[in-house]
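Residues per chain, in single letters:
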Amino acid sequence: MDKASPELIARFEDLAEVVPEADRKLVFGSPTCLVGGNMFFGVHAVGLFVKLPAEQAQELLADGGRQFEPMPGRPMGGFIVLPDDQDNADWVRRSYAYALSLPAKKKKS
């Protein structure tokens, strides 16, 4: 599996500053942000991605986003790749707010 480029990781780190209270974890070999065990923002070889409720996901798709497919043909539901050509801080904040509304995941024993 391809890993995110150093440039993408640097963009992730810059955007992650808008949600400093988020937890961090490596997923797909790259950094992600979580809250309550729910991943809401991350970076992958295909780009930066966020998790959004359906209505906001459709809005982001119309605004230049695309379905997040960590493996071609295998989209991850609710996750959208952010457009490269805009300031995406608001989408990261919206994704964080959405993740806060989700029930916390139970820790595996």
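See the structure shown above.
Remember, predicted model here, so these are calculated numbers, not experimental data. Residue numbers run consecutively from 1 along every chain, following the written order of its sequence. At least 70 in pLDDT is required for a residue's local features to be given in this predicted model, at least 80 for side-chain atom pairs to be given and counted, and no such filter applies to totals for whole chains, interfaces and linings, which use all residues. Side-chain metrics in this entry use all non-hydrogen atoms of the structure; hydrogen atoms and water are not considered.

(A) Local environment of the packing of aromatic side chains. Each aromatic pair joins two rings of Phe, Tyr and Trp (for Trp, the six-membered one) with centres within 6.5 Å, and gets the label stacked for planes under 30 degrees apart, edge-to-face for over 60, and tilted for any other angle. Per the counting criterion, the structure on display carries five aromatic pairs. Taken together, a centroid distance of 4.8 Å and an interplanar angle of 25 degrees make the contact between Phe-12 and Phe-41 stacked. In this pair, Phe-12 sits in helix α1 (residues 6-16) while Phe-41 sits in strand β3 (residues 38-44), placing the two residues 29 residues apart along the sequence. Classification of Phe-41 by relative accessible area gives buried; the value is 0%. Measuring from ring centre to ring centre gives 5.8 Å for Phe-49 and Phe-79, while their planes differ by 75 degrees; the resulting arrangement is edge-to-face. Linking Phe-49 in strand β4 (residues 47-51) with Phe-79 in strand β6 (residues 79-81), this pair joins segments that are 30 residues apart in sequence. Three or more aromatic residues link up through ring pairs in this structure, and these residues are Phe-49, Phe-68 and Phe-79. Think of it this way: any DSSP run of H or I at least four residues long counts as a helix, any run of E at least two long counts as a strand, and we number them from the N terminus. Only protein chains enter the calculation, and the probe is 1.4 Å; a residue is then buried if its accessible area is under 20% of its type maximum, exposed if over 50%, and partly exposed in between.

(B) Main features of the sheet that holds strand β1 (residues 23-27). Strand order in the open sheet formed by six strands is β1-β2-β3-β4-β6-β5, and the pairing between neighbours is antiparallel. In this open sheet, the two edge strands, each paired with only one partner strand, are β1 and β5 (66-67). The strands that α1 touches are β1, β2 (30-35), β3 and β4; relative to β3, the one it contacts most, it runs at about 145 degrees. Every residue pair with non-hydrogen atoms within 4.5 Å of one another is taken to be in contact. Lines are fitted to the C-alpha atoms to define the axes, a helix being fitted only along its stretch in contact, and any angle between axes, read from their N-to-C directions, falls within 0 to 180 degrees. Helix-sheet contacts for helix α2 (residues 54-62) involve β4, β5 and β6, and the interaxial angle to β6 is about 15 degrees. The criterion for strand pairing is that DSSP finds at least two bridges linking the strands in question.

(C) Quick peek at the pattern of salt bridges. By definition here, a salt bridge exists when the distance from a side-chain nitrogen of Lys or Arg to a carboxyl oxygen of Asp or Glu is within 4 Å. All told, the structure shown has four salt bridges when counted by the stated rule. For Arg-94, the salt bridge goes to Glu-59, with nearest N and O atoms at 2.9 Å. Taken together, the residues span a long stretch of sequence, with Arg-94 in helix α3 (residues 89-101) and Glu-59 in helix α2 at a distance of 35 residues. Exposure remark for Arg-94: the relative accessible area of 21% places this residue in the partly exposed category. For Glu-59, a relative accessible area of 40% gives the class partly exposed.

(D) Main features of α3. For α3, spanning 13 residues, the distance from its first C-alpha to its last is 19 Å, which sits close to the expected 18 Å at 1.5 Å a residue. Along α3, the residues classified as buried are Ala-89, Trp-91, Val-92, Ser-95, Tyr-96 and Ala-99. Along the long axis of α3, the arc covered by the buried residues comes to 160 degrees, so they all point the same way. On the buried face of α3, the contacting elements are α1, β2, β3, β4 and α2. A helix's residues, less one, multiplied by 1.5 Å, set its expected span. It is the directions from the helix axis to the C-beta atoms whose arc is reported.

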